[in-house]
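Analysis of the macromolecular model
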Amino acid sequence: MSLPIYSLSFTQSVKKAALNKNVWIPSASALLFAITGQDGEISDWASKNKPIFGNIKNAKNYSDAVAFYYLPAANLISKGVSHYQNKHNPNLLVHYTSFLLAPAVTYFMNRVIKDRTGRIRPDSSNDLSFPSAHASLSSSLNEEFNYHSRILYEGDSYNGIYYFNEALVGSVAWARMEAKKHHLTDVLVGYSLGKFFSHFFHYYLFNKDDQVKLSFDYRPGGFSSGKFSWRF
């Protein structure tokens, strides 16, 4: 009996996820803004001028609606449709809960980092500013949605959906700055965090057709062999 077969090892998955452009570019940008001192200036400008949402309440309501309602619903629907398109998948429980893994771990790690860093929010309401939970959760949920959408759409159709939802994630990050809840580096690192865990779990747990695969070899007495594979 062999161990489960995964697409990449743990170490390989961590490295590949960290080197993904949607992970390292926002993180590097956050570091650059922090070093140059532009971090506070940009977030202060956003919270003072509120060019998109007009006031703090609108910015808060928008970020909550997208991060906690629209993206989870879109994710679940895309997962259901992709399952319908791939009826060979018999394990409904695993199928419909697997998309929660990366967002759940992202949210947990986000909270751990918040508690460790203790950065004060721009509105001085508490010390849970870094990183942004809204940005990280939106980023992770949207990346899961992207994985499912590849099964359903191709070419320009997929690209259109991808960029639309990425723009929504960006607007959530901007809304958190207009709401005076986060600095620019908070949302950039939050975005990276969500992308990192989504990529990591797909590299480590899922094969190319996005299904976990368990494979067992049975060789009684060395005269015969059998192999059982289970995809779910």
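The rules behind the values
- Residues numbered from 1 in each chain as written.
- Predicted model: local features only at pLDDT ≥ 70, side-chain atom pairs only at ≥ 80, totals over all residues.
- Heavy atoms only, no water.
- Helix = DSSP H or I, 4+ residues; strand = E, 2+ residues; numbered from the N terminus.
- Expected span 1.5 Å × (residues − 1).
- Buried < 20%, exposed > 50% of the residue type's maximum accessible area, 1.4 Å probe, protein only.
- Arc of directions from axis to C-beta.
- Contact = heavy atoms within 4.5 Å.
- Core = buried A, V, L, I, M, F, W, Y, C linked by side-chain atoms within 4.5 Å.
- pLDDT = per-residue confidence, 0-100.
- Salt bridge = Lys/Arg side-chain N within 4 Å of Asp/Glu carboxyl O.

Concerning helix H6 (residues 101-117)
Over its 17 residues, H6 runs 24 Å from end to end, which matches the ideal 24 Å to within 8%, given 1.5 Å per residue. Listing the buried residues of H6 in full gives Ala-102, Pro-103, Thr-106, Asn-110 and Lys-114. Buried residues of H6 fall within an arc of 105° about the axis and therefore sit on the same side. Along H6, the residues that are exposed and aim more than 90 degrees away from the buried face are Phe-108 and Arg-116. Positioned one or two residues after H6, Gly-118 has a phi angle of 65°, which is positive.

Some details on helix H3 (residues 38-49)
Its twelve residues place the ends of H3 16 Å apart at the C-alpha level, agreeing with the 16 Å of an ideal helix rising 1.5 Å per residue. Within the span of H3, buried status applies to Asp-39, Ser-43, Ala-46 and Ser-47. The arc that holds the buried residues of H3, viewed along the axis, is 95°, so those residues lie on one side. Those residues of H3 that are exposed and aimed more than 90 degrees away from the buried face are Glu-41 and Lys-48. Where H3 terminates, the next one or two residues include Lys-50, which has phi positive at roughly 45°.

Some words on the environment of Ala-133
Counting through the fold element by element, Ala-133 comes out in helix H7 (residues 133-152). Sequence separation between Ala-133 and Gly-194 is 61 residues; the distance between their C-alpha atoms is 9.1 Å. Apart from the residues lying within four places of it in its own chain, the contact partners of Ala-133 are Tyr-107, Asn-110, Lys-114 and His-182.

Concerning the nonpolar core
Nonpolar side chains tend toward joint burial in soluble globular proteins. Listed in full, the ten residues of the largest apolar core are Ala-17, Val-23, Ala-102, Leu-193, Phe-196, Phe-197, Phe-200, Phe-201, Tyr-203 and Leu-205. Counting residues per element, this core draws most heavily on helix H9 (residues 184-205), at seven residues.

Considerations on the confidence of the model for the protein chain
Looking at the protein chain as a whole, the pLDDT averages 82, with 76% of positions reaching at least 70. Looking across the protein chain, the model is least confident in strand S2 (residues 226-231), with a mean pLDDT of 41, and most confident in helix H2 (residues 21-36), with 96. Confidence drops under pLDDT 50 across residues 1-6; counting only partners more than four residues distant or on other chains, this segment forms eleven contacts. Under a pLDDT of 50 for its full length, residues 208-219 has, in the predicted model, 43 contacts with residues more than four places off or in other chains.

Remarks on the pattern of salt bridges
Evaluation of the coordinates by the stated rule reveals six salt bridges. Its salt-bridge partner being Lys-181, residue Asp-123 comes within 2.9 Å of it at the nearest N-O pair. One end of the pair, Asp-123, is in the loop between H6 and H7; the other, Lys-181, is in the loop between helix H8 (155-178) and H9, and 58 residues separate them in sequence. What makes Asp-123 partly exposed here is its relative accessible area of 29%. By relative accessible area, which is 13% here, Lys-181 ends up buried. Linking Glu-143 and Lys-195 is a salt bridge whose minimum nitrogen-to-oxygen distance equals 2.5 Å. Here Glu-143 is found in helix H7, whereas its partner Lys-195 is found in helix H9, with 52 residues between them in sequence. Take Glu-143: its relative accessible area is 2%, and that puts it in the buried class. Through salt bridges with shared partners, a single network forms among Asp-39, Arg-119 and Asp-186.

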